[in-house]
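Residue-level structure breakdown
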Amino acid sequence: MSKVKAIKLADEGMKELEWAEKNMPILTAIQKRFEKEQPLKGKKVSLALHLEKKTGQLIRTLRAGGATVRVASCNPLTTDDRVAAALTKFDGIEVFAWANQSTEDYYANLNSVLDSKPNLLIDDGADLINIIHFKRPELIPNVVGASEETTTGIIRLKAMEKEGALKFPIINANGAYSKHLFDNRYGTGQSALNAIMTITNNLIAGKNVVIVGYGWCGRGLAIRARGMGARTIVVEAGDRMPYAEETEPSGWHKGLEALYEGFEVMNMEEAASKGDLFITATGDKKVIDVKHMKEMKDGAMLANAGHFDLEIDIPGLEKITKEIKEINPNCEEYILKEGKRIYLLSKGRLVNLARPAGQGHPLEIMDGSFAIQALALEHLAKHEGKLQNKVINIPTELDDYVARMALESHKIQLQPLTDEQREYLTGFKEGT
Ligand SMILES: NC(=O)c1ccc[n+]([C@@H]2O[C@H](COP(=O)([O-])OP(=O)(O)OC[C@H]3O[C@@H](n4cnc5c(N)ncnc54)[C@H](O)[C@@H]3O)[C@@H](O)[C@H]2O)c1
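Everything numeric in this text was worked out from a predicted model, so none of it was measured.

Reading guide: rules and limits
- Residues numbered from 1 in each chain as written.
- Predicted model: local features only at pLDDT ≥ 70, side-chain atom pairs only at ≥ 80, totals over all residues.
- Helix = DSSP H or I, 4+ residues; strand = E, 2+ residues; numbered from the N terminus.
- Buried ≥ 20, exposed ≤ 12 C-beta atoms within 10 Å, placed from the backbone.
- Contact = placed C-beta atoms within 7 Å.
- Pairing = 2+ DSSP bridges.
- Core = buried A, V, L, I, M, F, W, Y, C linked by C-beta atoms within 7 Å.
- Domains from an automatic or database assignment.
- Expected span 1.5 Å × (residues − 1).
- Bend = angle between axes of the 7 residues up to and from the residue.
- Axes fitted to C-alpha atoms, helices over the stretch in contact; angles between N-to-C directions.
- Near = placed C-beta within 6 Å.
- Nonpolar A, V, L, I, M, F, W, Y, C, P; charged D, E, K, R; others polar.
- Parallel < 35°, antiparallel > 145°, perpendicular 65-115°, else oblique.

Some points on the overall build of the chain
Helix and strand counts for the chain come out as 16 helices and 15 strands. If one aligns the C-alpha atoms of the chain with their principal axes, the spans along those axes are about 70 × 65 × 45 Å. Looking at the chain as a whole, 51% of its 432 residues qualify as buried. Intrachain contacts of the chain at a sequence separation of at least 6 include 74% that bridge at least 24 residues.

Brief notes about the pairing of strand β13 (residues 331-336)
Pairing of strand β12 (residues 321-328) with β13, which is carried by six bridges, proceeds in the antiparallel orientation. Each residue of the ladder has a partner; that of Asn 328, found in β13, is Cys 331. The turn joining β12 and β13, which pair antiparallel and follow one another in sequence, is formed by two residues. Across five bridges, β13 lies against strand β14 (residues 341-345) in antiparallel orientation. Across the sheet, Ile 335 pairs through a bridge with Arg 341, a residue of β14. Counting the residues in the hairpin turn of β13 and β14 gives four residues, including Gly 339, whose phi is positive at 105°.

A closer look at the nonpolar core
Within the largest apolar cluster, 126 residues are counted, with the highest numbers of intra-cluster contacts made by Val 71, Ile 211, Ile 279, Leu 302, Ala 303 and Leu 377. The greatest single-element share of this core, amounting to eleven residues, is contributed by helix α14 (residues 363-382). In terms of domain composition, this core takes at least three residues from each of domain 1 (7-179 + 361-409) and domain 2 (186-348).

Looking at helix α8 (residues 177-200)
Under the 1.5 Å per step criterion, the end-to-end length of α8 is 33 Å for 24 residues, consistent within 8% with the ideal 34 Å. Its axis deflected by about 35° at Thr 188, α8 carries its strongest bend there. Positioned one or two residues after α8, Asn 201 has a phi angle of 55°, which is positive.

Focus on the sheet that holds strand β6 (residues 170-172)
Taken in spatial order, the seven strands make up an open sheet running β3-β2-β1-β4-β5-β6-β15, and their pairing is parallel. Each edge of the open sheet is held by one strand with a lone partner, namely β3 (94-96) and β15 (391-393). In this sheet, adjacent strand axes meet at a mean angle of 20° when their direction is disregarded. Bridge analysis of strand β4 (residues 120-123) against strand β5 (residues 145-148) gives four bridges, and the strand direction is parallel.

Digging into the site of the ligand
Surrounding the ligand, one finds 30 residues, the nearest of these being Gly 213, Gly 215, Gly 283, Asp 284 and His 307. Of all the secondary-structure elements, those providing two or more residues to the shell around the ligand are α7 (151-162), α8, α9 (216-227) and α10 (251-260). A per-element tally of the shell around the ligand places α8 first, with four residues. When grouped by side-chain class, the residues that make up the shell around the ligand number eleven nonpolar, 15 polar and four charged.

A word on helix α5 (residues 103-114)
Counting along an α-helix, one turn takes 3.6 residues, and residues three or four places apart therefore face a common direction. For α5, which comprises twelve residues, the first-to-last C-alpha distance of 17 Å matches the rise-based estimate of 16 Å (1.5 Å per residue) to within 8%. Of all the positions in α5, only Tyr 106, Asn 109, Leu 110, Ser 112, Val 113 and Leu 114 are classed as buried.

Comments concerning the domain arrangement of the chain
Domain boundaries assigned for the chain yield domain 1 (7-179 + 361-409) and domain 2 (186-348). Placing the centre of domain 1 and that of domain 2 at their C-alpha centroids yields a distance of 29 Å. Each partner contributes residues to the interface: domain 1 has eleven residues there, and domain 2 has ten residues. No other element matches α7, which puts five residues into the side of domain 1 that touches domain 2.

Quick word on the packing of helix α2 (residues 25-37) against α14
The interhelical angle for the contact between α2 and α14, taken along N-to-C directions, is 25°, at an axis separation of 8 Å. What the angle tells us is that α2 and α14 run roughly parallel. Contact residues: Pro 25, Ile 26, Leu 27 and Ile 30 in α2; Asp 367, Gly 368, Phe 370, Ala 371 and Ala 374 in α14. Looking at the contact of α2 with α14, its residues break down into seven nonpolar, one polar and one charged.

Structure below.
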């Protein structure tokens, strides 16, 4: 039995789903194939994803492939109640999600999607996988595998793998080029700024915009802020991330990359007094803390695009605040004891997804990301019992297929290699 805000919103939600279908050609092509081939027949699939129209199109694709689907949101603020109602009423999906859930309801809903004893999971932030491993291990024998959507979830799961704690295989959907190159970068770049403009109705041009973290998301935020006329400052870590592989760049490399890209680069102490708008995208905690807030200008705005609401030290902000006023559902004014005002957007949660202002990534971007997710579940089902209990990459040919399909949707054909070129590129005799 679904738990959604209001089933009467279903007709509106269906219009959203139909619009998604029209704008997600890769997923729609996979859906048609799934209908014929039934790769998920008999499988129970549980999802924790930001529940909005693009996710709806993924859910319909999995159902077309023969799966029985239950879904919760991976964030208390990000459910589109219209889509939740439509999936329940018209598609018979069991939905446990609504916008603005309490923390207790959030965890109760995650547990409800697990009550079906799922065989396959899609997670975003690894909360579902975490609950199964550490709170409900009796569910482990049913699980064929899971696919994880985001950087923060993958960091948590790789840490579990290192300790030998993973009990089923995980596909690193975020690791697919078709996901992080486009979703984290161009998706977050556009959708976070879009939400911030909707919330504040402010001009980006002429503002000092500070982007904290110059990873995939941060790069997208920085180039889009600059493109809109902001004076853009990048803050990076003077460190190497403890989870980073040896082949990955350090914070120093990324800071240098940002400098050569033409951004001002500095540490948070320096940026604090300069910024008008701060956007965090680090996956780390307290990257903006109280000592930074004390240095900020009157009227500074703080937004987070990283997965959890830990990047801005909100409990710390509350301690130095005498009064909090709601400006609109996505913006609160913190009047500090010293008299200065700081604006916190979307309670420090994913600003591009927190409703009502956040609409999530553009449709075309999520078409690629969710195509990867659908193919990841098909891969897990096809190789049931044969994959190791590790974080594994999606096969290259599936990643390539999604990028090729995306180009085809733009009616773009690229130049294929000739046999002669292929031979040259795999040999060593020519060219010296
Ligand atoms: N908003 C969205 O829709 C969306 C989309 C994708 C990913 N995410 C989330 O955004 C976060 C970032 O993801 P990503 O793919 O860009 O990760 P990433 O690893 O590519 O980038 C993170 C960057 O933050 C830097 N960093 C870490 N700690 C720092 C600190 N204390 N100060 C300054 N810089 C610091 C790291 O050096 C790194 O360059 C994650 O939580 C991820 O799950 C959000």
